[in-house]
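Fold and contact review
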Amino acid sequence: MKRSVLSLSRATGRFTSGARVLPSFLLTGAQRCGTTSLYRALAQHPLLLKPVLHKGVHYFDVAYWRGTAWYQAHFPLRVGAALLHHRYGTRAQAYESSPYYLFHPLAGERIAADLPGVKLIVLVRDPVERAVSAHAHELARGFETESHFEHAVELEAQRLAGAEELLRESPFALHHSHRHHAYLARGRYADQLDRLEPLIGRERILVLDSHRFFTEPESAYDRVMDFLGLPHLGYPAFERHNGRVPPRRVPQVLGRALRDHFEAYDARLVRWLGQEPSWRR
């Protein structure tokens, strides 16, 4: 029944896609860094319009072949947005959250071409913790077969070999390991942000430290409201979503080696965060 409802809703959305809004901003990742928690907090603001069906549409990474009408079909109608504008005196803004956008080599180019003026919000966390969390997440979802985190890390370079080249040469191709097994690569945030900067513009990218978001949510929320140019209408309920407890602790020697690996990448985050990352203090 749920499948039938979704199918009907998608068909209706495609039929009315021209009458629907496109997003003004995107939560582009990083994966396992609190995007769902921020997405749900923002959804409580009356001027922020989430997708009709899914938190993450994943258009600019794995569904780009479907076309803009398919993408636009996921968002609310313009008439509803106009009513909100009239009521609050400020334009309503649609958004979605697809954490693979930050890492996919073509997503930034596609976003820049199809959504000129769009803003991006990126959350980052301790990349070692992120890698462990991602492994537990992919294992639980059945996308990972290697139960030991340290073995999965050893396999990563082999699994991802040639992935970016394939995705660039065959734009509609999918690469399972690039999406599900990039435990270290997806934690090299500075590389991904530097790729986005010339495409989107530094002033239209907001980077948040997820640790600070969870410990001081009001401060992070204020920054998002200022970044989006939205009126502050009170604080939402801040909750943590999609957290997973790792099956076991990372061996101390491996943890130290990974922190050393990420040190140079973390240092490059200072100019994006305006301060040293919380996990390096």
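Residues numbered from 1 in each chain as written. Predicted model: local features only at pLDDT ≥ 70, side-chain atom pairs only at ≥ 80, totals over all residues. Heavy atoms only, no water.

Take the sheet that holds strand β5 (residues 205–209) next. Strands sit in the order β2-β3-β1-β4-β5 across an open sheet of 5 strands; the sheet is parallel. Looking at which strands have only one partner, the edges of the open sheet turn out to be β2 (48–49) and β5. Note: strand β1 (residues 23–29) against strand β4 (residues 119–124), 4 bridges, orientation parallel. When the bridges of β4 are listed, F25 appears paired with K119. Packing against the sheet, helix α2 (residues 35–42) makes contact with β1, β2, β3 (93–97), β4 and β5, and its axis sits at approximately 155° to β1. (Pairing = 2+ DSSP bridges. Helix = DSSP H or I, 4+ residues; strand = E, 2+ residues; numbered from the N terminus. Contact = heavy atoms within 4.5 Å. Axes fitted to C-alpha atoms, helices over the stretch in contact; angles between N-to-C directions.)

To continue, consider the environment of F172. Inspection of the secondary structure assignment puts F172 in the loop between α9 (163–169) and α10 (176–180). A C-alpha to C-alpha distance of 35 Å links F172 and H211, two positions 39 residues apart in sequence. Discounting residues that sit within four places of it in the chain, F172 has contacts with Y64, W65 and R110.

So, on to the pattern of salt bridges. Going through the model one piece at a time under the given rule, you end up with 12 salt bridges. The salt bridge involving D126 is made with R259; its shortest N-O contact spans 2.8 Å. Here R259 lies in helix α14 (residues 252–267) and D126 lies in the loop between β4 and α7 (127–141), a separation of 133 residues in the sequence. Linked through salt bridges whose partners overlap, the residues forming this network are D191, D194, E197, R268 and R271. (Salt bridge = Lys/Arg side-chain N within 4 Å of Asp/Glu carboxyl O.)

One face of the sheet, then the other: side chains in a regular strand alternate in exactly this way. Within β5, 5 of the 5 residues are buried, which leaves it mostly tucked inside the rest of the structure. Because side chains alternate across β5, one face comprises the buried residues I205, V207 and D209, and the other comprises L206 and L208, equally buried. Where β4 meets β5, 5 bridges bridge the pair, whose relative direction is parallel. If you follow I121 over to β5, its bridge partner there is L206. (Buried < 20%, exposed > 50% of the residue type's maximum accessible area, 1.4 Å probe, protein only.)

Buried residues dominate β3, accounting for 5 of its 5 residues. Residues Q93, Y95 and S97 line one face of β3 and the alternating positions A94 and E96 line the opposite face, and both faces are buried. In this structure, β1 lies alongside β3, joined through 4 bridges in parallel fashion. Bridged to P23 within β3 is A94. Pairing geometry for β2 and β3, over 2 bridges, is parallel. Bridge pairing links L49 to A94 in β3.

Purely geometric stuff here, so don't read any function into it on its own.
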